[in-house]
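# A look at the structure
Residues per chain are reported as follows:
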Amino acid sequence: MKACLHIVLVAALAFLAFLIARIEYYRELALHHQHQADRYAEIIQTRNDLSPILVESAIEIAALNPDDPRLNDSFRGALYHRKVAKSYQNAATHPWLVVQQLPPAPVSTYED
């Protein structure tokens, strides 16, 4: 009886360790993609001489129609990385769920 209890306890601890590692992994991925989105937002701000509030508004408006041909690579990069960061943030809060297949990254150029 004690052996069964020990096996269950070890299995539960192993599963808990797995979930904690998975949470940390997804948090790191979310931070990476948020940082990339912030880099693109900074490029948009610098090139267009906009305030951070206007950049946020422009990115939110661009998110309504991400296939708009008028959007440059900086907007597409910011939108992509924000979407992926949000997906990984959700995965970090629900580590027992499977992460959906993410779309391929746009070409990573910081120049237009």
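This text follows the structure it describes.
Before going into details, it helps to say that this report is about the structure given with it. (Residues numbered from 1 in each chain as written. Predicted model: local features only at pLDDT ≥ 70, side-chain atom pairs only at ≥ 80, totals over all residues. Heavy atoms only, no water.)

## A word on helix α3 (residues 73-93)
- Under the 1.5 Å per step criterion, the end-to-end length of α3 is 30 Å for 21 residues, consistent within 8% with the ideal 30 Å.
- All of the buried residues in α3 are S74, F75, G77, A78, L79, Y80, H81, V84, A85, Y88, A91 and A92.
- Turning to α3, the residues buried within the fold contact α1 (2-48) and α2 (52-64).
- Sitting at the amino-terminal end of α3 is N72, which places a side-chain oxygen 3.1 Å from the backbone nitrogen of S74. (Helix = DSSP H or I, 4+ residues; strand = E, 2+ residues; numbered from the N terminus. Expected span 1.5 Å × (residues − 1). Buried < 20%, exposed > 50% of the residue type's maximum accessible area, 1.4 Å probe, protein only. Contact = heavy atoms within 4.5 Å. Polar contact = N/O pair within 3.5 Å; in protein donor to acceptor, adjacent residues only side chain to side chain.)

## Things to note about the pattern of salt bridges
- Taken as a whole and judged by the stated rule, the model has two salt bridges.
- With a closest N to O distance of 2.7 Å, E56 and R82 form a salt bridge. Linking E56 in helix α2 with R82 in helix α3, this pair joins segments that are 26 residues apart in sequence.
- Given a relative accessible area of 32%, E56 falls into the partly exposed group.
- The partner of D68 in a salt bridge is R70, with the nearest N and O atoms 2.7 Å apart.
- Residue R70 is classed as exposed on the basis of its relative accessible area of 75%. (Salt bridge = Lys/Arg side-chain N within 4 Å of Asp/Glu carboxyl O.)

## Description of the packing of aromatic side chains
- Following the criterion strictly, the structure yields three aromatic pairs and no others.
- Between Y26 and Y88, the ring centres sit 5.8 Å apart and the planes meet at 20°, which makes this aromatic pair stacked. Of this pair, Y26 sits in helix α1 while Y88 sits in helix α3, and the two are 62 residues apart along the sequence.
- Relative accessible area serves as the criterion here: at 8%, Y26 is assigned to the buried category.
- Within the aromatic cluster, the residues linked to one another by ring pairs are Y25, Y26 and Y88. (Phe/Tyr/Trp six-rings, centres within 6.5 Å; stacked < 30°, edge-to-face > 60°.)

## A few points about the nonpolar core
- Y40, A41, I44, V55, I59, A62, L71, F75, A78 and L79 form the largest nonpolar core, which has 10 residues in total.
- Contributions of two or more residues to this core are made by α1, α2 and α3.
- Counting eight residues, the second-largest nonpolar core is a separate cluster that includes L29, Y80, V84 and A92. (Core = buried A, V, L, I, M, F, W, Y, C linked by side-chain atoms within 4.5 Å.)

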